[in-house]
Amino acid sequence: MDLEKRLHRDAESFAEEVAAFDTKGFLARVLVTLGIPVQDDAPSLGAASPAGRPTAAGRAGAELRAGHDQDKDKGEGGGALRAG
Amino acid sequence: MGFAVWAAENTNWILRESYFLTGSRSLAEDAAQNAFEKIFKAWPDDEKRNTIQQSRGYVSAIIRNAHSDYHKVPSRSNRNEQALDATENILTGGAGDPESLVPSVREAILNALDETESQMVYLVHYEGHSIGKAGAMIGLEAQQPYRVHARALKKLKIYLEGSEEEG
């Protein structure tokens, strides 16, 4: 099959696969893991990935939050989720 | 702009690109989460924050490094996990049928092309950007994007045709 057609067909398949992603839920989980406040109407939250794995961010979360606590004094980082 | 706002505006494409790289939804989320962790860590640094906000290519490199780092940990690359990911791919119709001798187009893009070429093909053919815009997004100038894109397609064609002959 022509390469351009194969690329087009695979891109269509890719678009269908990623359309099912719960991007907002993923973002909420990331922010919670990093210790950033999330709006109350955010979707279901969880610290683990759908596969149930402990996440790298989870392990490093405490360390990162400790580092950012110092930076909040400078007005950078943190902040509530306002878009989505 | 605070980290949370930036994250909200960029999660969609970061997750999509992670999925493109991993071929698995769970691995994509892990890679994207690792990338967010690295970005969050770099955020207080003015220079790094500006680069993150202005250069998609820079963030893409962070995602790719995060994915590579994840697989450097031996316990994560054991056979059971690989089998689970392969099963997930089959169930979800994701990239890469492990039983197939002929590589999928996505596998070919990742195996046959260098990072710039694969980014170019991904942005043009999977994200729908023009060649010029895709080039600008990854820091290419003038006629470079067109040359990179043409070279990438040529390499892909050779790779896929070679694989089909072997298969």
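Per chain, residue numbering runs from 1 following the sequence as it is written. To read the labels, note that chains go from A and ligands from 1, taken in the order they are written. Totals for whole chains, interfaces and linings use every residue, but because this is a predicted model, local features are given only for residues with pLDDT of at least 70 and side-chain atom pairs only at 80 or more, for both listing and counting. Water and hydrogen atoms were dropped before computing side-chain values, which therefore reflect all heavy atoms in the structure.

(A) Broad picture of the side chain of N10 of chain B. In DSSP terms, a helix is any run of H or I states spanning at least four residues, a strand is any run of E spanning at least two, and both are numbered starting from the N terminus. Along the chain, N10 of chain B turns up in helix α1 (residues 3-22). At 2.8 Å, the side chain of N10 of chain B and the backbone oxygen of W6 of chain B are in polar contact. Within 3.5 Å is the distance limit for a polar contact, defined as a pair of N or O atoms, with the added protein rule that one can donate a hydrogen and the other accept it, and that residues adjacent in sequence qualify only through two side-chain atoms.

(B) Examining the nonpolar core more closely. Nonpolar core, defined: a set of buried Ala, Val, Leu, Ile, Met, Phe, Trp, Tyr and Cys residues in which side-chain atoms within 4.5 Å join the residues together. Buried, partly exposed and exposed residues are distinguished by accessible area as a fraction of the type maximum, computed with a 1.4 Å probe on protein chains only: under 20%, between the cut-offs, and over 50%, respectively. Formed by 58 residues in total, the largest nonpolar core has its most connected members in L7 of chain A together with F3, W6, I109, Y126 and L156 of chain B. In terms of residues, this core owes the most to one element, α1 of chain B, which gives 11 residues. Throughout the structure description, domain borders are defined by an automatic or database domain assignment. Of the residues that make up this core, three or more belong to each of domain 1 (1-97) and domain 2 (100-167) of chain B. Contacts: residue pairs with any heavy atoms within 4.5 Å of one another. Contacts of I109 of chain B, omitting those with residues within four sequence positions, involve L7 of chain A together with F20, S118, V121, Y126 and L156 of chain B.

(C) Layout of the packing of helix α1 (residues 3-19) of chain A against helix α6 (residues 105-112) of chain B. Packing of α1 of chain A against α6 of chain B leaves a shortest axis separation of 9 Å and a crossing angle of 105 degrees. Regarding the angle of α1 of chain A to α6 of chain B, the classification is roughly perpendicular. Two secondary-structure elements touch here, α1 of chain A through R6, L7, D10, S13, F14 and E17 of chain A and α6 of chain B through V105, R106 and I109 of chain B. A class-by-class count of the residues in the contact of α1 of chain A with α6 of chain B yields four nonpolar, one polar and four charged. To get an axis, a line is fitted to the C-alpha atoms, and for a helix only the part in contact is used. The angle between two axes follows their N-to-C directions and goes from 0 to 180 degrees. For this classification, under 35 degrees means roughly parallel, over 145 means roughly antiparallel, 65 to 115 means roughly perpendicular, and everything else is oblique. Gly falls in the polar group here, along with every residue not listed as nonpolar (Ala, Val, Leu, Ile, Met, Phe, Trp, Tyr, Cys, Pro) or charged (Asp, Glu, Lys, Arg).

(D) Representation of unusual backbone geometry. The backbone of A142 of chain B shows a phi angle near 50 degrees, a positive value even though the residue is not glycine. As for its placement among the helices and strands, A142 of chain B is situated in the loop between α8 (131-137) and α9 (144-166).

(E) Spotlight on the environment of R147 of chain B. Residues and elements named next belong to chain B. Relative to the helices and strands, R147 is located in helix α9. With relative accessibility at 53%, the residue R147 sits in the exposed group. Once the C-alpha coordinates of R147 and I131 are considered, the two residues, 16 residues apart in sequence, prove to be 9.9 Å apart.

(F) The arrangement of the packing of aromatic side chains in detail. In summary, the pairing rule links any two rings of Phe, Tyr or Trp, Trp by its six-membered ring, whose centres are within 6.5 Å, and it sorts them by plane angle into stacked for under 30 degrees, edge-to-face for over 60 and tilted for everything else. What the rule picks out here adds up to 15 aromatic pairs over all chains. Summarising the aromatic geometry, the rings of F20 of chain B and Y122 of chain B are spaced 4.6 Å apart at their centres and angled 50 degrees between planes, so their arrangement reads as tilted. Of this pair, F20 of chain B sits in helix α1 while Y122 of chain B sits in helix α7 (residues 115-126); the two residues are 102 residues apart in sequence, bridging distant segments of the chain. Classification of Y122 of chain B by relative accessible area gives buried; the value is 0%. By way of ring pairs, the aromatic residues F14 and F21 of chain A together with Y19, F20, Y122 and Y126 of chain B are connected into one cluster. Residue placement shows R56 of chain B over the ring face of W13 of chain B; its charged tip is 3.9 Å from the ring centre. Criterion for a charge above a ring: Arg CZ or Lys NZ at most 6 Å from the ring centre, at most 35 degrees from the ring normal.

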